[in-house]
Amino acid sequence: AQRLCILVEDQGPGIPEELRGRIFEPFFRLDTAGSRDLGGTGLGLALVRAIAEVHGGSVSVEEGPAGGNQFLLRLPAESP
């Protein structure tokens, strides 16, 4: 089966390895001080994971090669 893969990278401070699995939990936030001022609820990545899974896909995060994070979204793709 073919898959569509979307890779998103950032240059932020990175996510500690022991917390990477938790960032996809609803309402989980690494930095509650700054994101609360901006209105963040900790639902964004939980929604990404839920939508990916409903469509038979997945999302994962790893440390980027130059720091920061790499998010990989995988979705099934139909053949033309």
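Everything discussed here concerns the structure shown above.
Report follows, based on the coordinates. Because the structure is predicted, anything quoted here is derived from the model rather than measured. (Residues numbered from 1 in each chain as written. Predicted model: local features only at pLDDT ≥ 70, side-chain atom pairs only at ≥ 80, totals over all residues. Heavy atoms only, no water.)

## Considerations on the sheet that holds strand E1 (residues 3-9)
- A sheet is described by the order of its strands in space; here three strands give the open sequence E1-E3-E2, paired in antiparallel fashion. The open sheet has two edge strands with one neighbour each: E1 and strand E2 (58-63). Recorded for the sheet is a direction-independent mean angle of 20° between the axes of neighbouring strands.
- Pairing of E2 with strand E3 (residues 69-76) involves six bridges; the strand directions are antiparallel. (Pairing = 2+ DSSP bridges. Helix = DSSP H or I, 4+ residues; strand = E, 2+ residues; numbered from the N terminus. Axes fitted to C-alpha atoms, helices over the stretch in contact; angles between N-to-C directions.)

## Observations regarding a nonpolar patch on the surface
- Taken together, the side chains of Leu-4, Ile-6 and Val-8 make up a nonpolar region of the molecular surface, amounting to roughly 240 Å² of accessible area.
- With respect to the element layout, Val-8 can be found in strand E1. (Patch = residues over 30% accessible without salt bridge, like charges linked within 9 Å, V, L, I, M, F, W, Y side chains within 5 Å. Areas by Shrake-Rupley, 256 points an atom, 1.4 Å probe, with all protein chains shown as cover. Salt bridge = Lys/Arg side-chain N within 4 Å of Asp/Glu carboxyl O.)

## Observations concerning the pattern of salt bridges
- Applying the stated criterion across every chain yields a total of two salt bridges.
- Of the charged contacts in the structure, one is a salt bridge between Glu-63 and Arg-20, with a shortest N-O distance of 3.8 Å. Remark: Arg-20 occurs in the loop between E1 and helix H1 (32-37) and Glu-63 occurs in strand E2; sequence separation between them is 43 residues.
- Residue Glu-63 is classed as exposed on the basis of its relative accessible area, which comes to 53%.
- The shortest N-O distance in the salt bridge between Arg-22 and Glu-25 comes to 3.3 Å. (Buried < 20%, exposed > 50% of the residue type's maximum accessible area, 1.4 Å probe, protein only.)

## Here's the deal with the environment of Gly-40
- Within the element layout of this structure, Gly-40 appears in the loop between H1 and helix H2 (44-54).
- Considered as a pair, Gly-40 and Arg-29 are 11 residues apart in the sequence and their alpha carbons are 8.6 Å apart.

## Let's talk about the layout of surface pockets
- In this structure, the largest pocket occupies an estimated 320 Å³ of space.
- Ile-15, Ile-23, Leu-30, Leu-45 and Phe-71 are the residues nearest the centre of the largest pocket, which is lined by 16 residues in total.
- If you list the elements that add at least two residues to the lining of the largest pocket, you get H2 and E3.
- Among the elements that line the lining of the largest pocket, the one with the most residues is H2, at three residues. (1 Å grid on protein atoms, 1.4 Å probe; cavity = no way out; pocket = protein on both sides within 12 Å on 5 of 7 lines; lining within 4 Å. Points joined across faces, edges and corners; volume = space filled by probe spheres on them.)

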